[in-house]
Amino acid sequence: MHTTTLLHPLSLRRAEPADLPGVLTLLADTAEWLYMRGVRQWPRGGFGPERIEPLIAERVLFLLDDELRYLDPDESAPPVATIALDDHADPEFWQPADDPGAALYIHKLAVARPWSGSGLGDALLDWACSMAYASGLPWLRLDCAKSNPQLQDYYRSRGFRHVRTVDLPHRSSGALFQRPSEDVPATAFRDLTMAELISA
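Residues numbered from 1 in each chain as written. Predicted model: local features only at pLDDT ≥ 70, side-chain atom pairs only at ≥ 80, totals over all residues. Heavy atoms only, no water.

Peer 1: What exactly am I supposed to notice about the overall build of the chain here?
Peer 2: Scanning the chain for helices and strands turns up six helices and eight strands. The helix and strand sequence of the chain, counted from the amino end, reads α-β-α-α-β-β-β-α-β-α-β-β-β-α. Burial analysis of the chain (200 residues in total) assigns 48% to the buried set. Across the chain, contacts joining residues at least 24 apart in sequence account for 71% of those joining residues at least 6 apart. Accessible surface for the chain amounts to roughly 10100 Å². Of this, 56% is attributable to carbon and sulfur atoms. (Helix = DSSP H or I, 4+ residues; strand = E, 2+ residues; numbered from the N terminus. Buried < 20%, exposed > 50% of the residue type's maximum accessible area, 1.4 Å probe, protein only. Contact = heavy atoms within 4.5 Å. Areas by Shrake-Rupley, 256 points an atom, 1.4 Å probe, with all protein chains shown as cover.)

Peer 1: So what exactly am I meant to see when it comes to the pattern of salt bridges here?
Peer 2: Going through the model one piece at a time under the given rule, you end up with 13 salt bridges. Note that Arg59 and Glu16 form a salt bridge whose closest N and O atoms lie 3.0 Å from each other. Residue Arg59 is located in the loop between α3 (49-57) and β2 (61-66), and its partner Glu16 is located in the loop between β1 (10-14) and α2 (20-36); the two are separated by 43 residues in the primary sequence. A relative accessible area of 32% places Arg59 in the partly exposed class. For Glu16, a relative accessible area of 36% corresponds to the partly exposed category. Of the charged contacts, one joins Arg179 and Asp126 as a salt bridge, the two residues approaching to 2.8 Å between their closest N and O atoms. Separated by 53 residues along the polypeptide, Arg179 in strand β7 (residues 173-180) and Asp126 in helix α4 (residues 120-134) bring together distant segments of the chain. The class of Arg179 is buried, set by a relative accessible area of 5%. Since its relative accessible area comes to 15%, Asp126 is described here as buried. Within the structure, one salt-bridge network assembled from shared partners comprises Asp122, Asp126, Arg158, Arg179 and Glu182. (Salt bridge = Lys/Arg side-chain N within 4 Å of Asp/Glu carboxyl O.)

Peer 1: Teacher, can you tell me more about the pairing of strand β5 (residues 139-145) here?
Peer 2: The buried fraction of β5 amounts to six of the seven residues, a majority that puts the element mostly inside the structure. Across three bridges, strand β4 (residues 103-111) lies against β5 in parallel orientation. Residue pairing in the sheet places Tyr105 in a bridge with Arg141 of β5. Crossover connection from β4 via α4 to parallel β5: handedness right-handed. Inspection of the sheet shows β5 paired to β7 by seven bridges, in the antiparallel sense. By the bridge assignment for β7, Leu140 is matched with Arg179. (Pairing = 2+ DSSP bridges. Right-handed = clockwise from strand over helix to strand, strands pointing away.)

Peer 1: Explanation requested: the packing of α2 against α3 in the structure shown.
Peer 2: For any two helices packed against each other, the geometry is given by the interaxial angle and the distance between the axes. Interaxial distance between α2 and α3 falls to 11 Å at its minimum, and their mutual angle equals 125°. The angle between the axes of α2 and α3 places the two elements in the oblique class. Of the two possible hands of crossing, α2 and α3 adopt the one that is right-handed. Note on element contacts: α3 touches α2 through Pro49, Ile52, Glu53 and Ile56, opposite Leu20, Val23, Leu24 and Leu27. (Axes fitted to C-alpha atoms, helices over the stretch in contact; angles between N-to-C directions. Parallel < 35°, antiparallel > 145°, perpendicular 65-115°, else oblique. Left-handed = near helix turned anticlockwise from the far one by under 90°.)

Peer 1: Any chance you could explain the sheet that holds β4 here in plain terms?
Peer 2: Strands pair in a sheet through their backbones, by hydrogen bonds, and they do so in one of two ways: parallel or antiparallel. With mixed pairing, the eight strands of this open sheet are ordered in space as β6-β7-β5-β4-β3-β2-β1-β8. Two strands lie at the open edges of the sheet, namely β6 (161-165) and β8 (190-191), each paired on one side alone. Pairing geometry for β1 and β2, over five bridges, is antiparallel. Counterpart to Leu12 in the pairing with β2 is Leu64.

Peer 1: Honestly, α2 in this entry has me stumped. Any pointers?
Peer 2: Helix length check: α2 (17 residues) gives 24 Å between terminal C-alpha atoms against 24 Å at 1.5 Å per residue, within 8%. Residues Leu20, Gly22, Val23, Leu24, Leu26, Leu27, Thr30, Ala31 and Leu34 constitute the buried set of α2. Tucked into the core, α2 has its buried residues touching α3, β2, β3 (81-86) and β4. Looking one or two residues past α2, Gly38 carries a phi angle of roughly 85°, positive in sign. (Expected span 1.5 Å × (residues − 1).)

Laid out in structure tokens, this is it:
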């Protein structure tokens, strides 16, 4: 694990409406980074608020925070990372034969550039895998850019298997992956969402 995560305690929580500007900034920065690398999965400039506000309202968007930022009340630091996790299978990709209801689906996974290489993407994938397991579902699934073999290899290295690639001309994404759910302990951050489950 990169020393950044050791020096900066991190916590995972659900996004709130006030987090929208920081999330949009993080996604826009990530989209520009992807664009400069020739990857066109996300629109250049990121997503409009109309794409992110519903995820916040549905309580399926999660943020990793650097807890040290709370020591400076004047600093409005964007989140360290973001991930959406829900049961919304994209009907253009996942067909009835896939049993779309048998999985949780990852969307909008992004890690802020200063934290790149710190293992936070790995940790969030493991967390999502454990959430699928806790929900009694056998699979964790995602789709990614058809033309990004490096990203596809990364997901393979994290236990995902390539299911197939759906090549639709109006979609940059379409490489479908799934990973068996399992109970993986979160060690890179404090999971504040667990308190919500216990108190529910």
